[in-house]
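# What the coordinates show
Listed below, chain by chain, are the residues.
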Amino acid sequence: MSKKLLLKNAHIEGIRYFETYRKNGGYEAAEKALKMTPDEILEEVKASGLRGRGGAGFPTGMKWSFLAKPEGVPRHLVVNADESEPGTFKDRYLMEFLPHLLIEGMLISSYCLGSNVSYIYIRGEYSWIPDILEEAIEEAKAAGFLGKNILGTGFDCEIYVQRGGGAYICGEETALLESLEGKRGNPRLKPPFPAVKGLWERPTVVNNVESIAAVVPIIDITGAEYAKIGVGRSTGTKLISACGNINKPGVYEIDMTITVEEFIYSEEYCGGIKDGKRLKACIPGGSSVPIVPANLLLKTVNGEPRYMNYESLADGGFATGTMMGSGGFIVLDEDQCIVEHTMTLARFYNHESCGQCTPCREGTGWMYKILKKIEKGEGKMEDIDLLWDIQRKIEGNTICPLGDAAAWPVAAAIRHFRDEFEWHVKNPELSQTQNYGLAHY
Ligand code: SF4
C-alpha cells in the first residue's frame, strides 16, 4: 500500500473546516516553518526533490531559487488551479475536500518566497470551489494564520481567489498571469520568465495546487525524509486522477514505486478494466501526453515492468514511453477507436488555441479536419502522411506548449496505431457504423 501524505486525513468528516483540520495536526507545519528562515525552508524543499505536479515536473526548489529579489519590488506566489487538462481532476479534489492543506502550503511557500499577497487562479468551470477556498481563507485569517503579523512573526500575508473565464490556455503560466492582470489570456514570449518579470512585471512563482500542498508534509517530515519515499528522481507521493474504462475511477495517492499493471488491476486502485475487457492503451499524464499501447504500458522494451513514475513512464522517449504529466490517467479498453479518440482531442486543442501563432492556430484546425475525414471513412492513405507532416510542423514551433500538446497525441496515435488509421481508409463503409476496435477484438 502506498504511503499517504496529502490524502491521509481526507476520510475525516469535516476536515474541510479549520477546527477539524487543526485538531488533526493542521497548521503545525506552518508553525514550524514560521520559526525557520526562508532560506532554511528553501533548502528543505530542494532536499525533498519535489517536482512540479502540474505536468512539467520541473524541480520546485530550483524554480523557487530562480526568483529575483530586487530591492523594494513586491514578489508574488500564484497558485495555478486552472486544472483544465482533459482527464485531470486531482487538484479539484484537493481544493474541494482539503482546502486548508492548500492554504497552509501557500502560507509556508509565501513566507519562503517573500510574497505578502498571493493568489489562487481557479478555472471558471470549478464554480463551486472558490466559495470553499474563500471560507477556508476567512477561517485561517480568524485563527491568525493569515493577515497581519502572522503568529507574531511580523510576516503579513493575504490570499485572494481569482476565477478564470473557462479558457484552457490560461493554465499556461504566462497566459494565467495575463488573465490575472485583467487582460486576454494570451501566453507571453519567454524570456523574461515569471521569476524575473511575472505578475505586473514583478518576480513571481507560479506553482500547481498539488505542488504547494506537498510543501506541508515536506516541512512536517523534513525534505530528507520526503525524498526517501518513491524512487530515483520521483520522490514523495503523487496524486493520480484515474478515469476511462476502469472499474474504480477516482483520485489516488501513490508513492511512485508501484507498477502500471498494479495501478490498473489492483483493487486498491483502478480495480481492473470495466466489464472484463482487455486493455488497449492508456494516456498516463493527461490528454497532452502521448498515448501508449498496452504492451508498452505494462512492460518496457527491455521486458522490465513499467512503473508509475517520471523516469519509467518516459523511458525510451516518445517512441516507446510517454510522460507522467499532470497525473491524469485515462484508460482505453479494446472497444475504443483510436482515430475517434484522437479526433476528439484534436477538436479540443483547436478550440482552445489562442490563435497567436500560425502553426498552432492553423495546424490544429487542419489536424481536426483530416482526422474527422478519416474517422468518417472519407480519408485517403496520403491523409495519414499529411497528418504526420502537420504535427511535425507544429511541434517546437509555437509560443507556448499548447502546440506541442496538440501535436504529440496525433504523433503517438499514428506511430502506435497506424493500422487503425489505414483500416478506416480501406473500409469506408464499415467506418460509418463500426470502429477498428469492435471489428478486430
Ligand atoms: Fe496560442 Fe497555440 Fe501559440 Fe500557444 S501555441 S500561443 S495557444 S496559438
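A brief report on the enclosed structure follows. (Residues numbered from 1 in each chain as written. Predicted model: local features only at pLDDT ≥ 70, side-chain atom pairs only at ≥ 80, totals over all residues. Heavy atoms only, no water.)

## Brief notes about the packing of helix α15 (residues 338–352) against helix α16 (residues 358–375)
- At their nearest, the axes of α15 and α16 sit 8 Å apart, and the two run at 155 degrees to each other. Regarding the angle of α15 to α16, the classification is roughly antiparallel. In this structure, the crossing between α15 and α16 has a hand that is left-handed. Contact with α15, carried on its side by V339, E340, T342, M343, A346, R347, Y349 and N350, involves R361, T364, G365, M367, Y368, L371, K372, I374 and E375 of α16 and no other residues of that element.
- Taken together, the residues of the contact of α15 with α16 sort by class into eight nonpolar, four polar and five charged. (Axes fitted to C-alpha atoms, helices over the stretch in contact; angles between N-to-C directions. Helix = DSSP H or I, 4+ residues; strand = E, 2+ residues; numbered from the N terminus. Parallel < 35°, antiparallel > 145°, perpendicular 65-115°, else oblique. Left-handed = near helix turned anticlockwise from the far one by under 90°. Contact = heavy atoms within 4.5 Å. Nonpolar A, V, L, I, M, F, W, Y, C, P; charged D, E, K, R; others polar.)

## Description of the packing of aromatic side chains
- Scanning the entire structure with this criterion turns up 17 aromatic pairs.
- Seen from their ring centres, Y111 and F155 are 5.3 Å apart, and the 75 degrees between their planes marks the pair as edge-to-face. Here F155 lies in the loop between α7 (129–142) and β3 (158–163) and Y111 lies in helix α6 (residues 99–113), a separation of 44 residues in the sequence. F155 matches Y111 in its accessibility class, with the two residues each being buried.
- Ring centres 4.9 Å apart and planes at 70 degrees place the aromatic pair Y168 and F348 in the edge-to-face group. Residue Y168 is found in the loop between β3 and α8 (173–180), and its partner F348 is found in helix α15; the two are separated by 180 residues along the sequence.
- Following the ring pairs from residue to residue traces out a cluster consisting of F18, Y21, Y27 and F145. (Phe/Tyr/Trp six-rings, centres within 6.5 Å; stacked < 30°, edge-to-face > 60°. Buried < 20%, exposed > 50% of the residue type's maximum accessible area, 1.4 Å probe, protein only.)

## Here we look at the sheet that holds strand β7 (residues 238–244)
- Ordered by their spatial adjacency, five strands build an open sheet running β8-β7-β11-β9-β10, and the pairing between neighbours is mixed. On the outer flanks of this sheet lie β8 (250–254) and β10 (292–293), each paired with one strand and no other.
- The pairing of β7 with β8 spans five bridges and is classified as antiparallel. By the bridge assignment, I240 is partnered in β8 with Y252. (Pairing = 2+ DSSP bridges.)

## Points about the pairing of β3
- Alignment of strand β2 (residues 117–122) against β3, held across six bridges, turns out to be parallel. The residue bridging I122 from the neighbouring strand is R163, located in β3.
- Remark: the β2/α7/β3 crossover connection has right-handed handedness. (Right-handed = clockwise from strand over helix to strand, strands pointing away.)

## Some remarks on the pattern of salt bridges
- Applying the stated rule across the entire model yields 31 salt bridges.
- A salt bridge links R123 to E125; the shortest N-O distance between them is 3.1 Å.
- R123 sits in the buried class, given a relative accessible area of 17%.
- Accessibility expressed as a relative area gives 40% for E125, which makes it partly exposed.
- When the shortest N-O distance is used, the salt bridge between E172 and K190 registers 3.6 Å. Placement of the pair is E172 in the loop between β3 and α8 and K190 in the loop between α8 and β4 (204–208), with a sequence separation of 18 residues.
- Given a relative accessible area of 10%, E172 falls into the buried group.
- By relative accessible area, which is 33% here, K190 ends up partly exposed.
- Within the structure, one salt-bridge network assembled from shared partners comprises R53, K90, D91, E210 and K238. (Salt bridge = Lys/Arg side-chain N within 4 Å of Asp/Glu carboxyl O.)

## Topic: the packing of α6 against helix α9 (residues 209–221)
- Relative orientation of the contacting elements α6 and α9 amounts to 75 degrees, with a least axis distance of 8 Å. By the angle between their axes, α6 is roughly perpendicular relative to α9. Of the residues in α9, those touching α6 at L101, L102, E104, G105, M106, I108 and S109 are V209, I212, A213, V215, V216 and I219.
- Of the residues in the contact of α6 with α9, the class split is ten nonpolar, two polar and one charged.

## Side note on the site of the ligand
- Around the ligand, 13 residues are found, and the nearest of them are C354, Q356, C357, C360 and C400.
- Looking at the shell around the ligand residue by residue, the class counts come to eight nonpolar, five polar and no charged. (Near = heavy atom within 4 Å.)

## Looking at the state of the cysteines
- The full count for this structure, using the stated rule, is zero disulfides.
- Here C170 is not disulfide-linked; the sulfur of C354 is the nearest cysteine sulfur, at 9.4 Å.
- What makes C170 buried here is its relative accessible area of 7%. (Disulfide = S-S within 2.5 Å.)

## A look at the environment of F263
- With respect to the helices, strands and loops of the structure, F263 is situated in helix α11 (residues 260–265).
- Taking the C-alpha atoms as reference, F263 lies 9.9 Å from I240; in sequence the two are 23 residues apart.
- Aside from chain neighbours lying at most four places away, what touches F263 is I240, A242, Y252, I254, I258, Y269, C270, M308 and F329.

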